[in-house]
Every structure is written in C-alpha cells, then in structure tokens.
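# Per-entry structural report
This is what each chain is made of:
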Amino acid sequence: MIAEIPMEHGLLIAAVLFCLGLLGLLVRRNLIIMLISVEIMLNAAGLAFIVAGAHWGQPDGQVMFIFILTMAAAEVAVGLAVILQFYWKHHSLDADLASTMKG
C-alpha cells in the first residue's frame, strides 16, 4: 500500500523548486540556464497543481499539468529559436548583450 504524502510536504517541495528556478533566473546571465530555470518554475507550478488535485480528489490538477506541459513545450521551441538567433548575431549567450540590441 502506498503511503499518503501530506499536502504541505508536496507544496513545500513545489515552493523550493520554484524558488530555485527564480534564483537561477535572477542570478545567472546565460540564456540557456535562464530557459532551464523557467522550465523548473513551470514544473514547480505543475507539481503544486498535482498535489492540490490529489488532496481534493479532483482530476483538475492533472488537466492543468497537461496544459503546463504543452505551454512549456511551446516556450522551449520559441525560446531556443530566439537563443539561436541571438547567438548568431552576438556569438555569445550572455543576456547582458541584449541591452545593446538595435531593431
């Protein structure tokens, strides 16, 4: 029989993951690391939905997680295309170079 994990523990793990993703987004200047940090934050939000849905016995959390996964896939596709264009133009992945972009 599977032991039930308290809702507070699941939400605490989601909060820690979200804070780690936010910290990675704010501290690192590499665009790839920033993209990965956003993915960690999205997965933390998905984990929170799964935990809440399991606690209340509703499938809504799983439905929201599927939506989050599709949104994350679209974000990766667009993000990697932007990162490739940025790298071809600046030959670097340093986000500080974006302030010198001219349209």
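Use the structure listed above.
Residues numbered from 1 in each chain as written. Predicted model: local features only at pLDDT ≥ 70, side-chain atom pairs only at ≥ 80, totals over all residues. Heavy atoms only, no water.

### So, the overall build of the chain
- Check the secondary structure of the chain and you find 3 helices and 0 strands.
- Order of helices (α) and strands (β) in the chain, N terminus to C terminus: α-α-α.
- By the compact-globule yardstick of 13 Å for 103 residues, the chain is too spread out, its C-alpha radius of gyration being 17 Å.
- Expressed as a percentage of the 103 residues in the chain, the buried residues total 24%.
- If you take every contact in the chain between residues at least 6 apart in sequence, the share linking residues at least 24 apart comes to 53%.
- Only carbon and sulfur atoms are counted for the fraction: they give 74% of the accessible area of the chain, which is about 7,300 Å².
- Both charge centroids of the chain, one from 4 positive and one from 7 negative side chains, sit 24 Å from each other. (Helix = DSSP H or I, 4+ residues; strand = E, 2+ residues; numbered from the N terminus. Rg over C-alpha atoms; globule rule 2.2 N^0.38 Å. Buried < 20%, exposed > 50% of the residue type's maximum accessible area, 1.4 Å probe, protein only. Contact = heavy atoms within 4.5 Å. Areas by Shrake-Rupley, 256 points an atom, 1.4 Å probe, with all protein chains shown as cover. Lys, Arg positive; Asp, Glu negative; His and termini not counted. Charge placed at Lys NZ, Arg CZ, Asp CG, Glu CD.)

### Structural notes on the nonpolar core
- If you look at the biggest cluster of nonpolar residues, it comprises 6 residues: L31, M34, L35, I83, F86 and A95.
- Looking at this core, the elements with two or more residues in it are α2 (31-56) and α3 (60-90).
- Of all the elements, α2 adds the most residues to this core, at 3 residues.
- Ignoring sequence-local partners within four residues, the contact set of L35 consists of E75, G79, L80 and I83. (Core = buried A, V, L, I, M, F, W, Y, C linked by side-chain atoms within 4.5 Å.)

### Side note on the layout of surface pockets
- Counted as a void, the largest pocket has a volume near 240 Å³.
- The wall of the largest pocket is formed by E4, I5, P6, M7, G10, I13, L47, I50, V51, A54 and H55.
- Secondary structure elements with two or more residues in the lining of the largest pocket: α1 (7-27) and α2.
- Broken down by element, the lining of the largest pocket gets its largest block of residues, 5 residues, from α2.
- In the lining of the largest pocket, the residues fall into 8 nonpolar, 2 polar and 1 charged. (1 Å grid on protein atoms, 1.4 Å probe; cavity = no way out; pocket = protein on both sides within 12 Å on 5 of 7 lines; lining within 4 Å. Points joined across faces, edges and corners; volume = space filled by probe spheres on them. Nonpolar A, V, L, I, M, F, W, Y, C, P; charged D, E, K, R; others polar.)

### Overview of α3
- Taking 1.5 Å as the rise per residue, α3 with 31 residues should run 45 Å; its terminal C-alpha atoms sit 44 Å apart, in good agreement.
- Listing the buried residues of α3 in full gives G61, I68, A72, G79, I83, F86 and H90.
- On its buried face, α3 sits against α2.
- After α3 finishes, the residue H91 shows a positive phi value of roughly 55°. (Expected span 1.5 Å × (residues − 1).)

### Describing α1
- If you check α1, its first and last C-alpha atoms are 30 Å apart, about what 21 residues at 1.5 Å a residue would give, namely 30 Å.
- Residues of α1 that are buried include every one of M7, G10, A14, G21 and G24, and no others. One side of α1 holds all its buried residues, which, seen down the axis, span an arc of 130°. Opposite the buried face of α1, at more than 90 degrees from it, the exposed residues are E8, L12, L20, L23, L26 and V27.
- On its buried face, α1 sits against α2. (Arc of directions from axis to C-beta.)

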